[in-house]
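What follows is each chain in one-letter form.
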Amino acid sequence: MNRKILLLLVLFFGFNCNAQAPEISGDTMMCPYTNGTSSIIGALQYDSYQWFYKYWFTSDDFEAITGANGPSFTYDWYTYDQALLKVVVTLNGSTYESNTIQIDSYAWSSMFVMYELGDSAYFDSDTETIMLCNGASFEISINDPPYDSSITWYKDGVAIADANDSSYLIAQAGTYQVSAAPSFCPNSLSNSLPISVVIDPNCSLQTPDVTAAPVSIYPNPAIDKISIGHGNHIRNYEIMDIGGKSIQSGAFENGHYQIDLNAIESGIYILKLSDDQTTSTHKIIKQ
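What you are looking at is a predicted structure, and each value in this text was computed from that prediction instead of being measured.

A. Spotlight on the overall build of the protein. When its secondary structure is counted, the protein shows 1 helix and 27 strands. Looking at the protein as a whole, 36% of its 287 residues qualify as buried. Summed over all atoms, the accessible surface of the protein reaches about 17300 Å², with 51% contributed by carbon and sulfur.

Encoded structure:
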């Protein structure tokens, strides 16, 4: 009987301690130049409060935050980026410690633009411009996600009317740029690097070869492999990251136009397809 009573007392004491411990919740994803707030959940009032922080990637101890002595704490996006927060409270002479939460700020990739140049356009590394045949066009796009909000394309510094999609078709000479923001931080606009396009005076469009079928890539996004449709004129492939680093390459053999993606991490890549005379580039996404 005494053992049962002792066990009940231990269980009651443990439950009572846990019931007094505070639980905090708050803003963990911070947009640039904003403030967030974390607070104790529930109506229980404690005798004292002290908030602490540390950066998750260090082995430092938690440090008391000067002036953070209430049931809630408001913090800025810059100082507490990648910080762990907790609060220590007292009640009736006993001390209790809350759970921890982690703050992230500006936690998304930088903006970049991608484009596919066919036979009617090429990049001139000497002038760092795209040379385009008169009457031709090519598509340029941004990495969406995360830049899926407040999209505006510009030509020569002037906003292009109704150009608010993640991609834009360029058919004229000029300097092109795009601004956009993630939907979760719509006021955090980023600008792409400018792309200069010049009409090539030595280029004239040829009559298209109606027997050449366009290339299709499916599925895209893909999980483990992609297939190349109408690829009988393609011999080689190369997969590069957005910085131009070669990740994987190979050749198509025996009419087998598939590429295994299991060795590639999730992300956005550039797929280059080529034969002896032509090369095309395509954006692919590995999930």
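B. Here's a closer look at the layout of surface pockets. Looking at the second largest pocket, its volume works out to about 790 Å³. If you trace the second largest pocket, you find 32 residues lining it, with V113, M114, Y115, I195 and I270 closest to the centre. Elements supplying a minimum of two residues to the lining of the second largest pocket: β11 (113–115), β12 (121–124), β13 (129–132), β14 (138–142), β20 (195–199) and β27 (279–286). Examining the composition of the lining of the second largest pocket, we find that 5 residues originate from one element, β27, more than from any other. For the lining of the second largest pocket, a count of residues per class yields 17 nonpolar, 11 polar and 4 charged.

C. Quick look at the pairing of strand β22 (residues 225–229). For β22, the tally of buried residues reaches 4 of 5 residues, placing the bulk of the element in the interior. Pairing of β22 with strand β25 (residues 258–260) involves 3 bridges; the strand directions are antiparallel. In the strand pairing of β25, K225 is matched with D260.

D. Local environment of the environment of N187. Following the sequence through the fold, N187 ends up in the loop between β18 (174–182) and β19 (190–191). By relative accessible area, which is 75% here, N187 ends up exposed. In this structure, the C-alpha to C-alpha distance between N187 and S150, residues 37 residues apart in sequence, is 8.3 Å.

E. Region of the structure containing the side chain of K54. The topology assignment puts K54 in strand β4 (residues 48–55). An unpaired buried charge is present at K54: no salt bridge exists, and D61, the closest side chain of opposite charge, is 6.5 Å distant. Engagement of the side chain of K54 in a polar contact is seen with the backbone oxygen of D60, the distance being 3.0 Å. Dropping the residues within four chain positions of it, K54 is found in contact with S59, D60, D61, F62, Q82, A83 and L84.

F. Region of interest: the pattern of salt bridges. One pass over the structure, following the stated rule, counts 3 salt bridges. In this structure, K86 engages E97 in a salt bridge whose closest nitrogen and oxygen atoms are separated by 3.2 Å. One end of the pair, K86, is in strand β7 (residues 83–91); the other, E97, is in strand β8 (residues 94–97), with 11 residues separating them in the sequence. Judged by relative accessible area, K86 falls into the buried class, the value being 10%. One salt bridge connects K155 with D156, and the closest N-O pair in it is separated by 3.2 Å. Taking relative accessible area as the criterion, K155 reaches 23% and is therefore assigned partly exposed.

Conventions and cut-offs
Residues numbered from 1 in each chain as written. Predicted model: local features only at pLDDT ≥ 70, side-chain atom pairs only at ≥ 80, totals over all residues. Heavy atoms only, no water. Helix = DSSP H or I, 4+ residues; strand = E, 2+ residues; numbered from the N terminus. Buried < 20%, exposed > 50% of the residue type's maximum accessible area, 1.4 Å probe, protein only. Areas by Shrake-Rupley, 256 points an atom, 1.4 Å probe, with all protein chains shown as cover. 1 Å grid on protein atoms, 1.4 Å probe; cavity = no way out; pocket = protein on both sides within 12 Å on 5 of 7 lines; lining within 4 Å. Points joined across faces, edges and corners; volume = space filled by probe spheres on them. Nonpolar A, V, L, I, M, F, W, Y, C, P; charged D, E, K, R; others polar. Pairing = 2+ DSSP bridges. Lys, Arg positive; Asp, Glu negative; His and termini not counted. Salt bridge = Lys/Arg side-chain N within 4 Å of Asp/Glu carboxyl O. Polar contact = N/O pair within 3.5 Å; in protein donor to acceptor, adjacent residues only side chain to side chain. Contact = heavy atoms within 4.5 Å.

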